[in-house]
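As a plain string of letters, each chain reads:
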Amino acid sequence: MSGGEGLEHAGTNSMIDGKPELLVLRALKLGDLLVAVPALKALRRAFPEHRLRYAAQGWLSEALGLVGGYELLPTHGLDEPLAMEPGVVDVAVNLHGSGPESQGRIEALQARHTIGHRSQFRDGPPWRGELHERERWVRLLEWHGIEADPLDVQLNLPHVPSPVPGATVLHVGAAYGSRLWPAERFAAVAAALADAGHNIVFTGGNSEKERAVEVCSRAGLPPEAVLAGHLSLGEFAATIAAARLVISADTGAAHLASAYGTPSVVLFGPAPPEIWGPPPGPHVVLTKAELRLGDTFSGQPDPALLAVQVPDVLAAVRELGLF
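Cut-offs applied
- Residues numbered from 1 in each chain as written.
- Predicted model: local features only at pLDDT ≥ 70, side-chain atom pairs only at ≥ 80, totals over all residues.
- Heavy atoms only, no water.
- 1 Å grid on protein atoms, 1.4 Å probe; cavity = no way out; pocket = protein on both sides within 12 Å on 5 of 7 lines; lining within 4 Å.
- Points joined across faces, edges and corners; volume = space filled by probe spheres on them.
- Helix = DSSP H or I, 4+ residues; strand = E, 2+ residues; numbered from the N terminus.
- Nonpolar A, V, L, I, M, F, W, Y, C, P; charged D, E, K, R; others polar.
- Patch = residues over 30% accessible without salt bridge, like charges linked within 9 Å, V, L, I, M, F, W, Y side chains within 5 Å.
- Areas by Shrake-Rupley, 256 points an atom, 1.4 Å probe, with all protein chains shown as cover.
- Salt bridge = Lys/Arg side-chain N within 4 Å of Asp/Glu carboxyl O.
- Lys, Arg positive; Asp, Glu negative; His and termini not counted.
- Charge placed at Lys NZ, Arg CZ, Asp CG, Glu CD.
- Buried < 20%, exposed > 50% of the residue type's maximum accessible area, 1.4 Å probe, protein only.
- Axes fitted to C-alpha atoms, helices over the stretch in contact; angles between N-to-C directions.
- Parallel < 35°, antiparallel > 145°, perpendicular 65-115°, else oblique.
- Left-handed = near helix turned anticlockwise from the far one by under 90°.
- Contact = heavy atoms within 4.5 Å.
- Pairing = 2+ DSSP bridges.
- Right-handed = clockwise from strand over helix to strand, strands pointing away.
- Core = buried A, V, L, I, M, F, W, Y, C linked by side-chain atoms within 4.5 Å.

**Student:** Help me get a handle on the layout of surface pockets, residues and values and all.
**Tutor:** Looking at the largest pocket, its volume works out to about 1200 Å³. Lys 29, Leu 30, Gly 31, Asp 32 and Ala 175 are the residues nearest the centre of the largest pocket, which is lined by 43 residues in total. Looking at the lining of the largest pocket, the elements that each hand over two or more residues are helix H1 (30-35), helix H5 (133-143), helix H8 (233-241), helix H9 (252-260) and helix H10 (273-276). Split by residue class, the lining of the largest pocket holds 19 nonpolar, 16 polar and eight charged.

Have a look at this one:
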């Protein structure tokens, strides 16, 4: 018998507006949200009568809307307690991790039912570090008696249209220096694809705009090709959904390409694609695993990423039938 027997009866306590509360904790970034989509959709199916909340940073609200059915509970990491009174939550789900910090935040909710990995507080499946992130959370739910499909990654289409339908998107930034492929290589790829007839655009957040401008200039492309810093999260998702091709590091852009089935070339550095890579589809992963240092927070590009050369990326685009 799994530890989740009786979950279907949850909800007799802890109601607000007539609905019992289900809270998912995953106070991380865009890519982390997107690899959790199969689990989030499974929870939505399993608890149709619940009010569903997702605890994460407020800027993810638009992206969460693409999953459907969840409200965002603004949460800045694990620095502060979750903004829910003890006893209000009926079902608490820890999709953040298995460490004492996330477990403590979940336990403080005093929920009627808790779904999480094995801990000092309760039973659950043991944490397995080698699992792909999509598989990890699906396995967690299945242990608790909830059916889930790790390939159920699709998102709803944004309510806004793409400003550049059919464009080839180069997402040249990343959260950490360890994932930054050299600007001159991105520029060489952009120039080659532009010569082959691709409509190139460069995406990114405000902090990545300067780098996007540099790559655009090096590639000899017009300044209006730089969309970095000019798109809302919804517009960014629409741009990826309607793109001809996406080339990026292991970032939210790559996960959006997976969610929309957009052909992509994903450059991996410190993170292993076995844990963070795309699902089956029109996606090519490039890395040199034997050189990986694996220091996510390093300011320098991981050797596994630096070993990927411009011809490798163009060959991958050719493999996708787009060059």
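**Student:** Describe a negative patch on the surface, with residues and values.
**Tutor:** Together, Glu 135, Glu 142, Glu 147 and Asp 149 make up a region of like negative charge exposed at the surface. Summarising the element assignment, Glu 135 is placed in helix H5. The class for Glu 135 is partly exposed, based on a relative accessible area of 39%.

**Student:** Run through the packing of H8 against H9, naming residues and quoting values.
**Tutor:** The interhelical angle for the contact between H8 and H9, taken along N-to-C directions, is 55 degrees, at an axis separation of 9 Å. Comparing their axes, H9 and H8 come out oblique. Seen from above, H8 lies across H9 with right-handed handedness. Taken together, the residues of H9 that come into contact with H8 (itself represented by Phe 236, Ala 237, Ile 240 and Ala 241) are Ala 253, Leu 256, Ala 257 and Tyr 260.

**Student:** Break down the environment of Leu 267 for me, citing the residues and quoting the values.
**Tutor:** Assignment of secondary structure puts Leu 267 in strand S10 (residues 264-267). When the C-alpha atoms of Leu 267 and Ile 247 are compared, they prove to be 7.9 Å apart, with 20 residues separating the residues in sequence.

**Student:** Tell me about the sheet that holds strand S7 (residues 168-171), residues and numbers included.
**Tutor:** Pairing is parallel across the open sheet formed by five strands, whose spatial order is S8-S7-S9-S10-S11. Where the open sheet ends on each side, the last strands, each with one partner, are strand S8 (200-203) and strand S11 (283-286). The mean inter-strand angle of the sheet, taken between neighbouring strand axes irrespective of direction, is 15 degrees. Taken together, the four bridges between S7 and S8 define a ladder with parallel strand orientation. Residue pairing across strands places His 171 opposite Thr 203, the latter belonging to S8. The strands touched by H9 within the sheet are S7, strand S9 (245-249), S10 and S11, with S9 carrying the most contacts at an inclination of about 145 degrees.

**Student:** Which residues make up the pattern of salt bridges, and what are the values?
**Tutor:** With the rule as written, the count across this model stands at twelve salt bridges. Residue Arg 53 pairs with Glu 21 through a salt bridge whose shortest N-O separation is 3.0 Å. Of this pair, Arg 53 sits in strand S3 (residues 51-56) while Glu 21 sits in strand S2 (residues 19-25), and the two are 32 residues apart along the sequence. As far as the burial class goes, Arg 53 and Glu 21 line up, both buried. Between Asp 152 and Lys 41 there is a salt bridge; the shortest N-O distance is 2.8 Å. Placement of Asp 152 in the loop between H5 and S7 and of Lys 41 in helix H2 (residues 37-46) is noted, with a sequence separation of 111 residues between them.

**Student:** Account for the pairing of S9, naming residues and giving values.
**Tutor:** In terms of residue burial, S9 counts as a mostly covered element, since five of its five residues are buried. Across the two faces of S9 the burial is the same, with Leu 245, Ile 247 and Ala 249 and Val 246 and Ser 248 all buried. Bridging between S7 and S9 involves four bridges; their strand directions are parallel. Paired with His 171 across the strands is Ser 248, a residue of S9. Of the pairings in the sheet, the one linking S9 to S10 comprises four bridges and is parallel in character. Across the sheet, Ser 248 pairs through a bridge with Val 266, a residue of S10. At this point the chain moves from S9, through H9, to the parallel S10, and the crossover so formed is right-handed.

**Student:** How would you explain the nonpolar core if you had to name every residue and give the values?
**Tutor:** Val 24, Leu 40, Leu 43, Tyr 70, Leu 95, Leu 155 and Leu 256 are the most contacted members of the largest nonpolar core, which has 49 residues in total. Beyond its immediate stretch of four places on either side in the chain, Leu 95 contacts Val 24, Leu 25, Arg 26, Ala 36, Ala 39, Leu 40, Trp 137 and Leu 140. Ala 183, Phe 186, Ile 200 and Val 284 belong to the second-largest nonpolar core, a separate cluster that totals 33 residues.

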